[in-house]
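Structure assessment
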Amino acid sequence: MHWTESLAVAKLFFPQLMQHCVNHLTTQVHCDVQGHAVLALRNDMSESITLPKHTHVGVLDLRSVGYFHKSRGELVRMFSEDYTFLSDEDTLEEMYQFCDNLRNFKPTTPDRKDPYPWLPKDDPRCFKSDTMLMEETIDLSESILNEHQKKQFQQTLLKYRDAFLLRDEIGHCPFFMVKLELKDKSPFFIRPYPVKEDGKKVIDDEMRKGCLLGYLKKGMSSYSSPVMVIPRKNSSVKYRVVSDFRHLNSRLVTLNPSVPLLCDAIQQLGASECEVLSVIDLHDAYHTLRLDEESKKYCGITPYYGSPSYLYQRLGMGLSVSPAIWQNFITKVLDEIPSKKHHIAIMDDCLIHSKRKDHITEFI
């Protein structure tokens, strides 16, 4: 294929390389002495990417470029009366749609550790870049923001990508440790509940995921609570796995949370005369707080007879003191923020209110 010098609208798409961080792949297109297009792809990462020989890994969009010895601008002027030319944005959207059909193949990377081992191997999130996932998840089509503000918003999200959940990740706070205080420290063992075979598979999968995400760890303890499998209605997930900490709760020293009342939050919003309100939902908030070594042994669980035992490494759901501990933690965090008057924390929901100007850049 012969090329003209007008290569500005050529776009490269690498759907099969999304899991290898496409942002670290550098591409360069130039014309050789015979007039053929030469595509160079450079891996800027320290780790290698292995692909089977003769594998089709991407698409090069050459529409209006290379088919004729005409530039895109000349083609538009010549055929605009009979044809509709896609804009660069429409071309990009169409090519992403086209690339979705190429995702059946998954490149082999024997020397590369799976970055998302807790996800199923066929989960499409494994093979998409952060940018693609955010574009699919965040719909700004009905937003009142103008195009510049939308672009600024998306750039802000990507800049602080580590703060957002894209693949079920769970963060952790390295500067805060939870210590559980018990009124009675004598060992206990609460019998596991009977579980059907299909329920055991659900539990095993959940325990494995918890260990990979870091809030559970296999181990034995003199303190053991049971696990319940609760059916879910009107949900794509059939069961929910819950740790039954009722006996442990009876021994914990009571902590009383100071959660803002809804009526007070509404009054504060009204008094601020805010124009914009944003809500940040903190995913698996309790699991981001680490337990100290002594507290971990109190949070042992035995899912069913014959199952391995596990120890919570992070603050668990179902502990009576978890709401108070979390609310105290998030309040301390917000107290350190200069613009704390613009933030209201109600458990794992953080409300940010302000005037329209600089809402995202200054307060979020």
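None of these values were measured; they are calculated from a predicted model. Position labels on residues start from 1 in each chain and follow its written sequence. In keeping with the predicted nature of the model, local features appear solely for residues at pLDDT of at least 70, side-chain atom pairs appear and are counted solely at 80 or more, and the whole-chain, interface and lining totals rest on all residues. Only heavy atoms go into the side-chain values, all of them from the structure, while hydrogens and water stay out.

Before going further, it helps to examine the side chain of Ser322. For the purposes of this entry, the term helix denotes a DSSP run of H or I that reaches at least four residues, the term strand denotes a run of E that reaches at least two, and both are numbered from the N terminus. Locating Ser322 in the fold gives a position in helix α9 (residues 322-335). Throughout, a residue-residue contact means that at least one pair of heavy atoms, one from each residue, lies within 4.5 Å. Setting aside its immediate chain neighbours within four residues, Ser322 contacts Tyr286, Leu315 and Gly316.

Its location among the elements puts Arg167 in the loop between α4 (147-159) and β5 (177-178). Polar side-chain contacts of Arg167 include one of 3.4 Å to the side chain of Tyr116. The contact partners of Arg167, leaving out residues within four places of it in the chain, are Tyr116, Trp118, Leu119, Arg125, Lys128, Ser129, Asp130, Leu133 and Arg161. Under this definition, polar contacts are N or O atom pairs within 3.5 Å; protein pairs additionally need one hydrogen-donor-capable and one acceptor-capable atom, and for neighbouring residues in sequence, both atoms have to be side-chain atoms.

This paragraph deals with the environment of Glu293. In this structure, Glu293 sits in helix α8 (residues 293-298). In this structure the C-alpha to C-alpha distance between Glu293 and Gln313, which are 20 residues apart in sequence, comes to 8.5 Å. For Glu293, the side chain forms a polar contact with the side chain of Lys296, separated by 2.9 Å.

Moving on, we get to the sheet that holds strand β15 (residues 343-346). Here, any two strands with at least 2 DSSP bridges between them count as paired. Within the open sheet, the three strands sit side by side as β11-β16-β15. Their pairing is antiparallel. Two strands in the sheet have a free side with no partner beyond their single neighbour: β11 (276-281) and β15. Going from strand to strand, the sheet's axes swing by 20° on average, the running direction of each strand aside. Direction of pairing for β11 relative to strand β16 (residues 349-354): antiparallel, over a ladder of six bridges. Looking at β16, one finds that Leu277 is bridged to His353. Axes here mean lines fitted to C-alpha atoms, for a helix over just the part in contact, with angles spanning 0 to 180 degrees between N-to-C directions. Packed onto the sheet, helix α7 (residues 262-272) meets β11, β15 and β16 and runs at close to 170° relative to β15. Strands β15 and β16 of the sheet are contacted by α9, whose axis makes an angle of about 170° with β15.

On to the packing of aromatic side chains. The pairing test for Phe, Tyr and Trp rings, Trp by its six-membered ring, is centres within 6.5 Å, and the orientation test on the planes gives stacked under 30 degrees, edge-to-face over 60, and tilted for anything in between. Counted according to the given criterion, the structure contains seven aromatic pairs. A ring pair is formed by Tyr116 and Trp118, whose centres lie 6.2 Å apart and whose planes are at 75°; its orientation type is edge-to-face. Exposed residues in this analysis have more than 50% of their type's maximum accessible area, buried residues have under 20%, and partly exposed residues fall in between, with area computed by a 1.4 Å probe over protein chains only. Judged by its relative accessible area of 16%, Tyr116 is buried. A centroid spacing of 5.5 Å and a plane angle of 65° characterise the contact between Phe245 and Tyr312, whose relative ring orientation is edge-to-face. Of this pair, Phe245 sits in the loop between β10 (239-243) and α6 (246-251) while Tyr312 sits in strand β14 (residues 310-312); the two residues are 67 residues apart in sequence, bridging distant segments of the chain. In terms of burial, Phe245 and Tyr312 fall into one category: buried. What links up through ring pairs into an aromatic cluster is the set Phe176, Trp326 and Phe329.

Let's shift gears to the nonpolar core. Here, the term nonpolar core denotes a set of buried Ala, Val, Leu, Ile, Met, Phe, Trp, Tyr and Cys residues that are joined through side-chain atoms within 4.5 Å. Residues Leu180, Leu248, Leu289 and Leu319 are the most contacted members of the largest nonpolar core, which totals 45 residues. If you list the elements that add at least two residues to this core, you get α5 (197-213), β14, α9 and β16. Examining the composition of this core, we find that five residues originate from one element, α9, more than from any other. Ranked by size, the runner-up nonpolar core spans six residues in total, among them Leu133, Met134, Phe153 and Leu166.

What follows deals with the sheet that holds strand β13 (residues 300-301). Spatial strand order, β7-β14-β13: three strands in an open sheet with antiparallel pairing. Each edge of the open sheet is held by one strand with a lone partner, namely β7 (216-218) and β13. Note: β7 against β14, three bridges, orientation antiparallel. Of the residues in β14, the one forming a bridge with Lys217 is Leu311. In the packing of α5 onto the sheet, contacts are made with β7, β13 and β14, and the angle to β7 comes to roughly 105°.

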